[in-house]
Amino acid sequence: MERMKVLIVSDTHGSVKAWEDIEKLFDLTSFTSIFHLGDILYHGPRNPLPEGYNPKELVDKLRKYKINYIRGNCDADIDLKVLEIPEMPKISMESFGDFLFILVHGELFEENDIAEFTKNSHAQFIIHGHTHVSKVEEINGKYVLNPGSTSLPKNNTPRSVLVLEIDSNTLIAKFYNLDTGQVYMESKWSLIDSKLLKE
């Protein structure tokens with residue numbers, strides 16, 4: 001199979017600066033796919049205004065790219081109209097190479113146990129945003145990843161995005177710090193005889 005590169009971002013919360021930092025760091029046309037895990041344009045009543053808050057300008061920038069959106073708890077129907085997209089699912093199942101993923105914003109885990117969710121899932125990976133805290137965690141033999149927030153990180157984590165690099169039976173997850181441009185966390189998995197092994 002051809003090498004795949006997937007960019008996963010979350011929780012821009014209307015910050016133009018966050019998106020411009022992503023554009024400075026990457027050639028966005030080089031990615032096989034781009035996913036945004038929600039909380040796109042609005043800062044939300046629980047959050048301060050992020051640096052560079054300008055939802056209208058952010059819309060203009062986002063519309064230049066083909067982005068797959070997952071609806072977050074701060075996203076509204078009007079956002080679909082201004083972004084010129086027909087739908088924004090709350091959950092999506094995606095396969096990248098031989099790896100199966102569930103993509104979700106993550107607010108459902110406030111009231112529903114993520115361990116139960118992983119137990120009932122056929123996917124090997126669950127990727128969610130919402131908490132603004134980047135992570136890689138194993139639960140019930142599945143891997144739960146969070147790219148962190150591009151605009152309002154919490155728990156002393158950096159503003160960050162996640163890049164998945166998939167090559168035949170290998171997957172590498174690289175977390176990039178948007179302030180330094182450096183990878184600050186990395187994990188690797190291999191599929192061997194249909195078994196997923198973390199290296």
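With that out of the way, let us pick up the packing of aromatic side chains. Note on aromatic pairs: each is described by the distance of the centres and the angle between the planes. Taken as a whole, this structure holds 12 aromatic pairs when the rule is applied. With a centroid separation of 5.2 Å and 65° between ring planes, the pair formed by Tyr-143 and Trp-189 is classed as edge-to-face. One end of the pair, Tyr-143, is in strand β8 (residues 142-146); the other, Trp-189, is in strand β11 (residues 183-192), and 46 residues separate them in sequence. Taken together, Phe-35, Phe-96, Phe-99, Phe-101, Phe-125, Tyr-143 and Trp-189 form an aromatic cluster joined through their ring pairs. A cation sits over an aromatic face here: Lys-5 above Phe-31, 4.8 Å from the ring centre. Here Lys-198 stacks its cationic end above the ring of Trp-189, 5.8 Å away from the centre of that ring.

Here we come to the sheet that holds strand β2 (residues 33-36). What links the strands of a sheet is backbone hydrogen bonding, and the strands pair in either a parallel or an antiparallel sense. Taken together, the 7 strands give an open sheet; going across it, the order is β3-β2-β1-β9-β10-β11-β12, and neighbouring strands pair in mixed fashion. Either end of the sheet is taken by a strand with one partner, and the two such strands are β3 (68-69) and β12 (195-198). Sheet topology places β11 next to β12; 4 bridges connect them, and they run antiparallel. Across the sheet, Ile-192 pairs through a bridge with Lys-195, a residue of β12.

Turning next to the sheet that holds strand β4 (residues 91-96). On the basis of which strands lie adjacent, the open sheet formed by 5 strands has the order β4-β5-β6-β8-β7 and mixed pairing. The open sheet is flanked by β4 and β7 (135-139), the only strands paired with a single partner. Across this sheet, the average inter-strand angle for adjacent strands is 25°, counted without regard to direction. Note that strand β6 (residues 125-128) and β8 share 3 bridges and pair parallel. Counted as the bridge partner of Ile-127 is Leu-145 from β8.

In β6, alternate side chains face the same way, and those of Phe-125 and Ile-127 on one face and Ile-126 and His-128 on the other are all buried. Judged from the 4 bridges that link them, strand β5 (residues 99-104) and β6 form a sheet pairing that is parallel. Each bridged residue has a counterpart across the sheet, and for Val-104 the counterpart in β6 is His-128.

Our next topic: helix α2 (residues 55-62). Along α2, the residues classified as buried are Leu-58, Val-59, Lys-61 and Leu-62. Considered in projection along α2, the buried side chains sweep an arc of 165° and stay on one side of the axis.

The next subject is the pattern of salt bridges. Scanning the entire structure with this criterion turns up 14 salt bridges. The shortest N-O distance in the salt bridge between Glu-107 and Lys-90 comes to 2.9 Å. Here Lys-90 lies in the loop between α3 (77-83) and β4 and Glu-107 lies in the loop between β5 and α4 (114-119), a separation of 17 residues in the sequence. For Glu-107, a relative accessible area of 18% corresponds to the buried category. Close ionic contact of Glu-116 with Lys-119 constitutes a salt bridge, the shortest N to O distance being 3.1 Å. Note that Glu-116 and Lys-119 are positioned in helix α4 at a spacing of 3 residues, about one turn of the helix. Since its relative accessible area comes to 39%, Glu-116 is described here as partly exposed. Shared partners join several salt bridges into a network, and the residues in it are Lys-17, Asp-21, Lys-24, Arg-159 and Asp-179.

The rules we used
- Counting restarts for each chain, with residues numbered from 1 along the sequence as it is written.
- Selection of residues for local features in this predicted model requires a pLDDT of at least 70, selection of side-chain atom pairs for listing and counting requires 80 or more, and totals for whole chains, interfaces and linings are taken over all residues.
- Only heavy atoms go into the side-chain values, all of them from the structure, while hydrogens and water stay out.
- What counts as a ring pair is set by centres within 6.5 Å for rings of Phe, Tyr and Trp (its six-membered ring), and what kind of pair is set by the plane angle: stacked under 30 degrees, edge-to-face over 60, tilted for all other angles.
- Numbering of helices and strands starts at the N terminus; helices are DSSP runs of H or I of at least 4 residues and strands are runs of E of at least 2.
- In our convention, an over-ring charge means Lys NZ or Arg CZ found within 6 Å of a ring centre and within 35 degrees of that ring's normal.
- Two strands qualify as a pair provided that DSSP identifies no fewer than 2 bridges between them.
- Each axis is a line fitted through C-alpha atoms, and for a helix only the stretch in contact is used; angles between axes span 0 to 180 degrees, taken between their N-to-C directions.
- Relative accessible area decides the class of each residue, using a 1.4 Å probe on protein chains only: under 20% of the type maximum gives buried, over 50% gives exposed, and in between gives partly exposed.
- In this description, the arc belongs to the directions extending from the helix axis to the C-beta atoms.
- Salt-bridge detection follows one rule: a side-chain nitrogen of Lys or Arg within 4 Å of a carboxyl oxygen of Asp or Glu.

What is shown is where atoms sit, not what they do.
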